[in-house]
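Below, each chain spelled out in residue letters.
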Amino acid sequence: MNRFTAVSRSFVAVGRASIAVLLGVLLLLSACTFGGDREPDNEATAPPPSPEEGAAVALTSALDRLEASPGLHYKGAFDNPAGTANVDLRVSGSGVTYGSMSDSGATLRILTLQDRTLIRAGEAFWKSAASAQPAGDPKIKAELTKRFAKSWVAIDARVMGDPGLTLRPANVAGQFREQLRQTGVTAVGRGTVGEQQSTVVTVGSTIYHVTSNSPYRLLKVEHPRIRAANRATRGAVRGAAFRVAQRDPSDDSLDFGEMDPSALDGFYDDVENEAKRELGKAVDSRVKFNATLTGGISCPFGSGACTVRATVANTLTAAQGAGATGTVRADMTAFVTGPSNAKTCTDSKTMTVNSSTSMSCVVRLVLPRCNKRGVCTWPVNANIMVIARADVNVTAVTKQLRRDRSVDGRLARCRAGQGCGYPVKGSKAGAEAARADAERLAGKRRQRQCQNGTVAVAKVAQKNGDGTKKIVATEAPTRPDEWTDVDLGGMEYAEYTGHAEASIIQWLKHNANWYIVEGAAQRNVCQPGEAPNCDVSCMEQLENVEGLTIGPAEFRSGTRYKSRIRTFWTE
């Protein structure tokens, strides 16, 4: 056996990058100048409303509308130490954030999902971040920047907090409302935003543009531009330090565009498509690794198939926004230089957070002839890079996005005059009653169908409130011969091919002015993976029905293909 002595190197992955652009947005929205509380009006009789009081009423109404907004499109520019930055971010009422920011010629994309913030940037951005790391081989850093530039990257919560929470319409409205309460309106004027006339309401040092007529909407916010001062005061917004400084002659400004139903659907389409296409490849910059070669690099029988073994340890803290429990998926790449050539090899392994594990891979080196009997030893340089894959469950993310789309979309359509909610509400108790009907009808089928088939019953209602009825379906496109009209009690049979629950969905697609109030199957609803009868599972189809609540997992033990769920209803 030939044995080669290896030089061990370790590298700590790029961690908290400096992201001044987004921090500036958070500052603009979070650090409005507050004055002291206003003195109470002690006059016995109230004078006619002043322009300031009228403007306060309009702004308050606009903020009420902003608080319940289904989604906002932020567009604008503001100052930061490197110059002017441009912002184009869309944020839903549920806190999903997606967009881009440009700063000093670089574009930074941002995505916030389920309390996780990910960014995407080019190599120049990551090279700048890597240059701030004192440790590490230049070749490894170069490889890291290339890898990070190709993927979405989960970042430390302490870098920018939670943009989805901070930029949510409800949170922004709350901050603006508190400023109005503390400071009051100090000036009122007239202006325009684009081609729209606006009432210009000054509150402290912040200027709000509100529509001139009811219903009042917030159109734009201007805030004093931040620039460095000689004697700066250190302040903190969501854990990041800022210099509170002098007012610049120009202002930072953000346009507040409320997303209508079409824009909101487009937003969720964009986010869902991006999640499906790219999040499976995301990496996590929050996990730090230390990799040490274990022993030498062995090449059995002088074959040139040389095994690199390393001990890899990871570090992750709750303060970084990931918690100190769970698992980490580590991708190791070994860059090995032998006496005559250089090769790379890889290994991937799942490990517990804040633990270590052994990893190995094999490279093909060109070996010189060994003129000794037994063991020959040459120095070999081996550098190891380890990157954590982001723990993103794309299926779970997609399901949550569809739930968020349903909630926000319903509000958007209501505001657009396209219908507010559903005239008839369902309930778990009503779904249980439908389950009892399904079990009763299943019991009347022939033994084989009773044991192996499925019956689903659903109460449906017209969206205009004109009436309700019940529909029933099985795995067959035709009504079972053994069922009588008395058994059905006026139920309509859904004559479609496929699983019973899928037939209910097919009925809805052919009757678009109806919706499910409540329903159930007498046995488990199938979930992804059942083959060959279930290309798209019944569970997935039910989850895609707008406004539908899927019942608790309380049926008997499920399987790989069968969920523990039977009931569903619209609240």
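Residues numbered from 1 in each chain as written. Predicted model: local features only at pLDDT ≥ 70, side-chain atom pairs only at ≥ 80, totals over all residues. Heavy atoms only, no water.

Undergrad: Hey, could you run me through unusual backbone geometry in this one?
TA: Peptide bonds are trans in most cases, and residues, glycine excluded, mostly fall at negative phi. Across the junction of Ser214 and Pro215, the peptide omega takes the value 0°, indicating a cis bond. Mapped onto the elements of the fold, Pro215 is located in the loop between strand E10 (206–211) and strand E11 (218–226). Positive phi, close to 60°, is recorded for Asn354, a residue that is not glycine. Structurally, Asn354 is set in the loop between strand E20 (342–352) and strand E21 (356–364). (Helix = DSSP H or I, 4+ residues; strand = E, 2+ residues; numbered from the N terminus.)

Undergrad: Quick question: what am I supposed to make of the pattern of salt bridges here?
TA: Charged atoms that come close allow side chains of opposite charge to pair. Evaluated as defined, the whole model comprises 29 salt bridges. One salt bridge in this structure joins Lys428 and Glu432, with 3.5 Å as the shortest N-O distance. Of the two residues, Lys428 and Glu432 both sit in helix H10 (residues 428–443), four residues apart, roughly one turn of that helix. Among the residues examined, Lys428 registers a relative accessible area of 33% and is labelled partly exposed. Residue Glu475 pairs with Arg445 through a salt bridge whose shortest N-O separation is 3.0 Å. (Salt bridge = Lys/Arg side-chain N within 4 Å of Asp/Glu carboxyl O. Buried < 20%, exposed > 50% of the residue type's maximum accessible area, 1.4 Å probe, protein only.)

Undergrad: Would you take a moment to explain the confidence of the model for the chain for this structure?
TA: Low pLDDT marks stretches whose predicted atomic positions should not be read closely. A residue-level look at the chain finds 77% of positions with pLDDT of 70 or above and a mean pLDDT of 78. Looking across the chain, the model is least confident in strand E13 (residues 240–244), with a mean pLDDT of 26, and most confident in strand E25 (residues 492–493), with 95. Counting interchain partners and residues more than four positions distant, the pLDDT-below-50 stretch residues 225–250 has 52 contacts. (pLDDT = per-residue confidence, 0-100. Contact = heavy atoms within 4.5 Å.)

Undergrad: Hey, could you run me through the nonpolar core in this one?
TA: The tendency in soluble globular proteins is for nonpolar side chains to be buried side by side. Of all hydrophobic cores here, the largest spans 43 residues; its most connected members are Leu66, Tyr74, Trp126, Phe176, Leu218 and Phe256. Ignoring sequence-local partners within four residues, the contact set of Leu66 consists of Leu72, Pro169, Ala170, Val172, Ala173, Phe176, Leu218 and Phe256. Among the nonpolar cores identified, the runner-up in size contains 29 residues, and Val287, Ala291, Met332 and Met351 belong to it. (Core = buried A, V, L, I, M, F, W, Y, C linked by side-chain atoms within 4.5 Å.)

Undergrad: Is there a simple way to explain the packing of helix H2 (residues 51–67) against helix H7 (residues 169–183) in this structure?
TA: The packing of two helices is summarised by the inter-axis angle and the distance between the axes. The contact between H2 and H7 brings their axes to 8 Å, and the two run at 160°. As the angle between them shows, H2 and H7 are arranged roughly antiparallel. The element H2 and its partner H7 pack so that their crossing is left-handed. Residue-level contacts link Ala56, Leu59, Thr60, Leu63, Asp64, Leu66 and Glu67 of H2 to Pro169, Ala170, Val172, Ala173, Phe176, Arg177 and Leu180 of H7. (Axes fitted to C-alpha atoms, helices over the stretch in contact; angles between N-to-C directions. Parallel < 35°, antiparallel > 145°, perpendicular 65-115°, else oblique. Left-handed = near helix turned anticlockwise from the far one by under 90°.)

Undergrad: So what exactly am I meant to see when it comes to the environment of Met385 here?
TA: Turning to its location among the elements, Met385 is positioned in strand E22 (residues 379–389). Assessed through its relative accessible area of 7%, Met385 is described here as buried. Separated by 52 residues in the primary sequence, Met385 and Thr333 have C-alpha atoms spaced 5.2 Å apart.

Undergrad: What should I look at first to understand the packing of aromatic side chains in this one?
TA: For any pair of aromatic rings, the description rests on two quantities: the centre-to-centre distance and the angle between the ring planes. Summed over the entire model, instances satisfying the criterion amount to nine aromatic pairs. An angle of 75° between the planes, with centres 5.9 Å apart, marks the rings of Trp507 and Trp514 as edge-to-face. For Trp514, a relative accessible area of 14% corresponds to the buried category. Grouped by ring-pair contacts, the aromatic residues Tyr74, Phe176, Tyr208 and Phe256 constitute a single cluster. Over the ring of Trp514 we find Lys469, and its NZ or CZ is 4.9 Å from the ring centre. (Phe/Tyr/Trp six-rings, centres within 6.5 Å; stacked < 30°, edge-to-face > 60°. Lys NZ or Arg CZ within 6 Å of the ring centre and 35° of its normal.)

Undergrad: Can you help me understand the sheet that holds strand E26 (residues 514–521) in this one?
TA: In a beta sheet, neighbouring strands pair by backbone hydrogen bonds and run either parallel or antiparallel. Across the sheet, six strands lie side by side as E25-E24-E23-E26-E28-E27; this open sheet has mixed pairing. Two strands lie at the open edges of the sheet, namely E25 and strand E27 (548–550), each paired on one side alone. By the bridge criterion, six bridges tie strand E23 (residues 456–462) to strand E24 (residues 468–473) in an arrangement that is antiparallel. Across the sheet, the residue bridging to Ala458 is Ile471, located in E24. Each of E23, E24, E26 and strand E28 (567–570) is contacted by H10, which is oriented at about 60° to E26, the strand it contacts most. Along the sheet face, helix H13 (residues 500–509) touches E23, E24, E25 and E26 and points at about 170° away from the line of E26. (Pairing = 2+ DSSP bridges.)

Undergrad: I keep staring at the packing of helix H8 (residues 261–278) against helix H9 (residues 394–415) and nothing clicks. Help me out?
TA: In the contact formed by H8 and H9, the axes pass within 10 Å of each other and the chain directions differ by 175°. By the angle between their axes, H8 is roughly antiparallel relative to H9. Residues Pro261, Leu264, Asp265, Tyr268, Asp269, Val271, Glu272, Ala275 and Lys276 of H8 form the contact with H9, whose participating residues are Val394, Val397, Thr398, Leu401, Arg402, Asp404, Arg405, Asp408, Gly409, Ala412 and Arg413. The residue makeup of the contact of H8 with H9, split by class, is nine nonpolar, two polar and nine charged. (Nonpolar A, V, L, I, M, F, W, Y, C, P; charged D, E, K, R; others polar.)

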